[in-house]
Each structure stands twice: as structure tokens, then as C-alpha cells.
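Here's the letter readout for the chains.
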Amino acid sequence: MKNLKIVSLAACLALIISLLLFTSCSSDDSAEAYSGGPVIESVMPSGYNLDGTVKPLVPVTLVDPKNYYIIHGKGLLTTTKVYFNDFDTYFRPTFVTDTDIIILVDEATPFADVPNKLRVVTGKGTAEFDLQVAPPVPTFSGFNFINCEEGDEVTIKGKYFLDPIVTLAETPTQPAVPVQVISSTLEQVVVKIPANANHRYLAVTNISGTAVSKEAIGTALYDDKLYEMQWGGPWAGKGVNFDFGGDSYQGEKSWQWEFSAWDGGNWGFNFDMTPYKALRMAVKGSKNGQVNFSVNGGPNYVIPVTTTWVYMEIPLDKLGNPSSVTMLTFQESNSDGGNTVLFDDIGFVLK
């Protein structure tokens, strides 16, 4: 709490210094005061950078929500309203002079399908200024299908996909590769997968930053369907639905397993684990509980089950360091009569 107070005090001091500095620099040497309608001449950042340095007073045409800015001009003293993209934005009257307004851009300010205008309303009229509000950095919730190939159309889901640029993400040994965008909305992008995309991550960039997928292309064991299962099934012979559409962590479907008490099953595969360091999955239950899990009959790993989706990455050393995956075993272990468990985004994590 003490550190928070120090940071808040420092931010306030920076704002005050900015206001005093600009008021001083903007004062007219002539004795005659400005008496016309309001004019906006520039917008500049105010406050501190993350490294503690004061932000430079440099005019900008793009502002970030949740940050302070100085609206600089003249005839601003009688300001009654400030609008970013027609969004009514709160300001402190004590942070207003005839030449400057220090204001926090609200995080709820719209950024898409908007006029890209700053508007200041005063007792002597209204001033407008061309200004763009940046969207938040994009978020990446998943893409479908993970095991896609060259030429496939894949849907990426997330948020804040304003004018998105999609690439195969840069790696320590490979440059970023452009990916064709077929269509996009703020929460969904449809792309066409290029050649040589296997084991590459997808990245979505807007003007504020970049989000990268948790999953690499071609690393799914279950992604709306179970891949390359060679044999197996539940011990009780029932209760498994690989096509459950009622809930999912990513994609459109999940694997629903209606476990009776201590029920389970074995599933056979043949995956080389050389490129991987961990096994991943997302799990959700109708009630809290746990599921015993093992690879190739090796050490037991207890998967915690809650009533919300939980994504986990299980290091291979917790599973006996298998060089290949030939069998996966699941067993409900609540000791209270069973559970209905959803599994999704099962796959592998690259080294």
C-alpha cells in the first residue's frame, strides 16, 4: 500500500509539472488575452513511462486508453465536456487552464467504427481535432483446427482484432511469415495457412501490440476430434462423447466423459515426443474432483478438476520422460460416485 501511494503521488506530481510547464511555455507575451472560441493545437502524453522517466511532451495522433494526455490549445478555460470518439470523458476542472487540459483517456473509449475525433465543448464554442484511440493489445483465445495444413482456412478467436496483421510468429531461428487474412471482425479472424507452417505459432498484431497462440500448429491430440487414436476405449464401455458441442475451451467442441465411480479408460497412439517438453490439456467438471492420468502406464499424475476451465501444461518429467506416447490412461478418482468431465485442447508443447 505504501508503494502504491508513492506511485500515485509521483503520477500526480508529473501531471502538475506538465500542467505548469505547458502553461508557462504557452503563455502569450502580449498583454492582450485570447478571447476567441476554443482551438485544439496538439495532444501530448503526460506522466511517467514504466521505467520511471517522464514522458516527453511530443505531439501524437494516437492515444492509449488508461493513460494521461495534455490537450493543448487556447480558449479552453471554460471547458464543460470532452469527448473522445463521442465518448463523454471525465476530467478534473483543476487540471484545466486556458491553454491546456490534462485528462485520462477512459479504458471504455470506443476504437472501432468511430469518427476518430477529439471534441472539446466550452462556454464559447466547440473545438475538434483528428485523433485515433488505440485498441487494447489483442488477446488470443485459440484457433481451429490446430492440426491444419497448407491451404486450410483457419478461424482465430480472441479480442481487439482491429485491422489485424497475422503471421507465423518469429522464432529464434525463423523469421515471421505473413499469413493471408480472408476476413476479420473484432473477435475473429479467418486466415489461409501458408506452406511450412507445422510447429509454428500464430501471431495477431494490431496497432497496440501482438498476441501469440499458446498452441503450435500440428501439435493437437484432441481439437474438436481425437487424432490418430489406434485403439482403446473406456473400461465401462460407455460415457464418452468426442463430439460434445455444449461447452469448449477452444474450438467448437470438447471431449465429454461421464465417469462412474473409479471408471476410466486406455487409449492407444504412436507419437514421437522428441520435439516436445510437455503435454497440455484443458479440463472442466460438473463438480470439483480429480482424475488420475498416466502415459504408457508410467507415474500417476493427478489432474485437478474444477467447475471452470483450467488449462495446464504437464512437464514430461512428471510423466516418466516418455520418448513416445503409446497409451494414455484416465481414471476418475473422486471417491464420491463419479463425475462428468470435459477435456479439450489436448496436445503437446514444443521445446
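These lines cover the structure that appears in this document, whether it is placed above or below. Just so it is clear, the model here is predicted, and its values are computed rather than measured. (Residues numbered from 1 in each chain as written. Predicted model: local features only at pLDDT ≥ 70, side-chain atom pairs only at ≥ 80, totals over all residues. Heavy atoms only, no water.)

1. Here we look at the nonpolar core
Nonpolar side chains in soluble globular proteins tend to be buried together. To keep things clear, this is the line we draw: As used in this record, nonpolar core signifies buried Ala, Val, Leu, Ile, Met, Phe, Trp, Tyr and Cys residues forming a set joined through side-chain atoms within 4.5 Å. Relative accessibility thresholds used throughout: buried, under 20% of the residue-type maximum; exposed, over 50%; partly exposed, between the two (1.4 Å probe, protein chains only). Helix and strand assignments come from DSSP, with helices taken as H or I runs of at least 4 residues and strands as E runs of at least 2, each series counted from the N terminus. Contacts are assigned to residue pairs with any non-hydrogen atoms lying within 4.5 Å of each other.
If you look at the biggest cluster of nonpolar residues, it comprises 32 residues, and the most contacted ones within it are W255, M281, F293, L328, F330 and F343. In terms of residue count, the dominant contributor to this core is strand β27 (residues 338-350) (five residues). Excluding anything up to four places from it in sequence, L328 contacts L221, G265, N266, W267, F269, L279, F293, S294 and V295. The next biggest cluster of nonpolar side chains, apart from the first, holds 20 residues, and it includes I146, L168, A197 and A220.

2. Some points on empty space enclosed by the protein
Rolled over the atoms, a probe with the dimensions of a water molecule shows which regions are left empty. To be explicit about the condition: Every definition here rests on a 1 Å grid over the protein atoms only: cavities are sets of points where a 1.4 Å probe fits but cannot get out, pockets are open sets enclosed by protein on both sides within 12 Å along at least five of seven lines, and lining residues have some atom within 4 Å of a point. Grid points are joined across faces, edges and corners, and a volume is the space filled by probe spheres set on the points. Charged means Asp, Glu, Lys or Arg here, nonpolar means Ala, Val, Leu, Ile, Met, Phe, Trp, Tyr, Cys or Pro, and polar covers whatever is left, Gly included.
Considering all chains together, one arrives at one cavity of 30 Å³ or more under this definition. Lining of the largest cavity is provided by Y201, K214, E215, A216, T219, R280, F348, V349 and L350. Contributing elements (two or more residues each) for the lining of the largest cavity: β16 (209-216) and β27. When grouped by side-chain class, the residues that make up the lining of the largest cavity number five nonpolar, one polar and three charged.

3. Examining the pairing of β16
Successive residues of a regular strand alternate their side chains across the two faces of the sheet. Here is the rule: Strands were regarded as paired on the criterion that DSSP finds at least two bridges between them.
The pairing of strand β15 (residues 201-206) with β16 spans five bridges and is antiparallel. Bridged to Y201 within β16 is A216. Connecting β15 to the next strand, β16, in antiparallel fashion are two residues.

4. Some details on the sheet that holds strand β21 (residues 264-272)
Selection criterion: For helices, the fitted line uses only the C-alpha atoms of the stretch in contact; every axis is such a line through C-alpha atoms, and the angle between N-to-C directions lies from 0 to 180 degrees.
Spatially, five strands are ordered β18-β21-β26-β23-β24 in an open sheet, and the strand pairing comes out antiparallel. Lying at the two open borders of the sheet, with one neighbouring strand each, are β18 (231-234) and β24 (301-305). The average undirected angle you get between the axes of adjacent strands in this sheet is 25 degrees.

5. Focus: the sheet that holds strand β8 (residues 125-130)
Backbone hydrogen bonds are what pair the strands of a sheet, in a parallel or an antiparallel way. The strand order across the open sheet built from four strands is β5-β4-β7-β8, with neighbouring strands paired in antiparallel fashion. A strand with exactly one partner marks an edge of an open sheet, and here the two such strands are β5 (87-88) and β8.

6. Side note on the pairing of strand β14 (residues 188-192)
The pairing of strand β11 (residues 153-159) with β14 spans five bridges and is classified as antiparallel. Paired with E153 across the strands is K192, a residue of β14. As paired elements, strand β13 (residues 177-184) and β14 share four bridges and run antiparallel to each other. Residue pairing in the sheet places S183 in a bridge with V190 of β14. Count of turn residues in the β13/β14 antiparallel hairpin: three residues.

By themselves, these are just geometric observations and shouldn't be taken as functional.
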